[in-house]
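Next come the chains, spelled out residue by residue.
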Amino acid sequence: MAKDTSYHAQQNILKTEKLRNVLKELPPFCVDFFRSTEDTTSVLTRLNYAYDLRIFFNYLKNETEFFSDKSILTLEATDLNQITLKDLEIYFEYLTYYSNEEDKMRENRDKGKSRKIASLRSFFKYYYKKGILTGNISTLIQTPKIHEKPIIRLSGEEISQIISAVQNGENLTDAQKRYHKITQLRDTAIITLFLSTGIRVSELVGLNISDLDFKKNAFIVTRKGGNRVILYFNEQTAAVINEYLDERKASSDYTLSSPLFMSIQKKRMCVRSIENLVKKYAKIAAPLKNISPHKLRSTYGTLLYNNTGDIYLVADVLGHKDVNTTRKHYAAITENKRKLAATAIDLDKDNDI
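Cut-off values and rules
- One numbering rule holds for all chains: residues counted from 1, following each sequence as written.
- With pLDDT at 70 or above as the cut-off, local features in this predicted model cover only qualifying residues; side-chain atom pairs require 80 or more to be listed or tallied, and sums for whole chains, interfaces and linings still use all residues.
- For the side-chain quantities, the full set of heavy atoms in the structure was used; hydrogens and water were omitted.
- Only when DSSP finds a minimum of two bridges between them are two strands counted as paired.
- Put simply, DSSP H or I for four residues or longer makes a helix, DSSP E for two residues or longer makes a strand, and each gets a number counted from the N terminus.
- Axis lines are fitted through C-alpha atoms, for helices just across the contact stretch, and the angle between N-to-C directions can take any value from 0 to 180 degrees.
- An angle below 35 degrees is treated as roughly parallel, one above 145 as roughly antiparallel, one from 65 to 115 as roughly perpendicular, and anything else as oblique.
- Left-handed describes a crossing whose near helix is turned anticlockwise from the far helix by less than a right angle; the clockwise case is right-handed.
- In this description, contact between two residues means that some pair of their heavy atoms is separated by no more than 4.5 Å.
- Throughout, the ten residues Ala, Val, Leu, Ile, Met, Phe, Trp, Tyr, Cys and Pro are labelled nonpolar, Asp, Glu, Lys and Arg are labelled charged, and all others, Gly among them, are labelled polar.
- Per-residue confidence from the prediction method is given by pLDDT, with values spanning 0 to 100.
- Under the convention used throughout, the expected extent of a helix is 1.5 Å for every residue step, that is, one less than its residue count.
- Categorising residues by exposure relies on relative accessible area from a 1.4 Å probe, with only protein chains included: less than 20% of the type maximum marks a residue as buried, more than 50% marks it as exposed, and the intermediate range marks it as partly exposed.
- This arc is taken over the directions from the axis of the helix to the C-beta atoms.
- Think of a polar contact as two N or O atoms within 3.5 Å of one another; within protein, one of them needs to be a possible hydrogen donor and the other a possible acceptor, and neighboring residues in sequence only count if both atoms come from side chains.

**A word on the sheet that holds strand 5 (residues 228-232)**
Through backbone hydrogen bonds, the strands of a sheet pair up, either in parallel or in antiparallel fashion.
Then, number 1: Here we have three strands laid out as an open sheet, ordered 3-4-5, and antiparallel in their pairing. With partners counted over all chains shown, the strands left at the sheet margins are strand 3 (212-213) and strand 5, one partner each.
Then, number 2: Where strand 3 and strand 4 (residues 218-222) come together, two bridges link them in antiparallel fashion. Bridging across to strand 4, Asp213 finds its partner in Ala218.

**Things to note about the packing of helix 7 (residues 174-197) against helix 9 (residues 235-250)**
Any two packed helices are characterised by how steeply their axes cross, that is the angle between the axes, and by the distance between the axes.
Then, number 1: Two numbers describe how helix 7 lies on helix 9: the axes approach to 9 Å, and their chain directions differ by 150°. Between helix 7 and helix 9, the angle falls in the class roughly antiparallel. Helix-helix and strand crossings are classified by hand; for helix 7 and helix 9 the assignment is left-handed. Between helix 7 and helix 9, the residues in contact are Ile182, Leu185, Arg186, Thr188, Ala189, Thr192, Leu193 and Ser196 and Thr237, Val240, Ile241, Glu243, Tyr244 and Glu247, respectively.
Then, number 2: Of the residues contributing to the contact of helix 7 with helix 9, the split by class is seven nonpolar, four polar and three charged.

**Quick word on the confidence of the model for the protein chain**
Then, number 1: Residues at a pLDDT of 70 or more form 91% of the protein chain, whose mean pLDDT is 89.
Then, number 2: Mean pLDDT values for the elements of the protein chain range from 56 in helix 14 (residues 335-343) up to 97 in helix 2 (residues 30-36).

**Considerations on helix 9**
Three- or four-residue spacings in an α-helix give side chains the same orientation, since the helix completes a turn every 3.6 residues.
Then, number 1: In a regular helix each residue adds 1.5 Å, so 16 residues correspond to 22 Å; helix 9 covers 22 Å between its end C-alpha atoms and thus fits that length.
Then, number 2: Among the residues of helix 9, Thr237, Ala238, Val240, Ile241, Tyr244, Leu245 and Arg248 are the ones counted as buried. One side of helix 9 holds all its buried residues, which, seen down the axis, span an arc of 165°. In helix 9, the exposed residues that point more than 90 degrees away from the buried face are Glu235, Gln236 and Ala250.
Then, number 3: As for helix 9, its buried residues are in contact with helix 7 and strand 3.
Then, number 4: For helix 9, the N-terminal cap is Asn234; the gap from its side-chain oxygen to the backbone nitrogen of Gln236 is 3.3 Å.

Take a look at the structure:
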């Protein structure tokens, strides 16, 4: 893999390699389905399709009578016609708790089960349109309605507390404090960037120093689907990042092509390490909330909407393709507005209607 390949290009290469390996475990005819989706889906979506179909074909092999004496690798597309609605209904129940290819037990809640059924529907739809399936029974599966969870975000006081925790190392363990002395400026820059721009964690880990322009207080990110867009940050964020980069320069750990955020081992930080970093400081600021990088993004989206009232601006900055997604998450009635509603009507007065 070439060293000058961008982070996101490297990730796509790795995902493509994983996809090819999983395809080797599926019936050969499945290649046609994946080829048909290349122009309309990301490699990550196709990889998830492959994982889901691997579960499905293992279920057919291990749990159904017709497929029990057949090899998955010798199945033909026409064999899909032998699958009954009852098979699919049992499969839906099977997804609740099943053994994967490594004989480890896996569990799915309603959201995970629904996603796997959605993959199967796309798969069946393709072969039905190709005339190979005589009917598309996958459309008859009843999936549960997914109830939206309440949006978890930091309050104004908790924002101040998490910034204080990352700057001062308050309430960290002794072991954490030893690392904090080394990573304080980096961690402050990461938390500040999350809270002041709403950047996704995948976007943050992919940043290089060359992606920043301090003359315009702007940086370029690679969004879902590979689009490159410019986002902006304020002077406070610029100062924090510059202080961190000055430390990098002083340690001779600075080139324009270097990752913006590096681990103690001088490697690009990964998504998991960023998630652990956020949770470490969030436990101090908001111990009763499960705060992740995405929750910091929710915090930013809420603040931006509350301060501007412009749902389209929030959608654009966050990179939402559908403004209804933004409206659902960030235009909810606030607690203060609910309190206002409780005192808005006085039944003792004459109320014209």
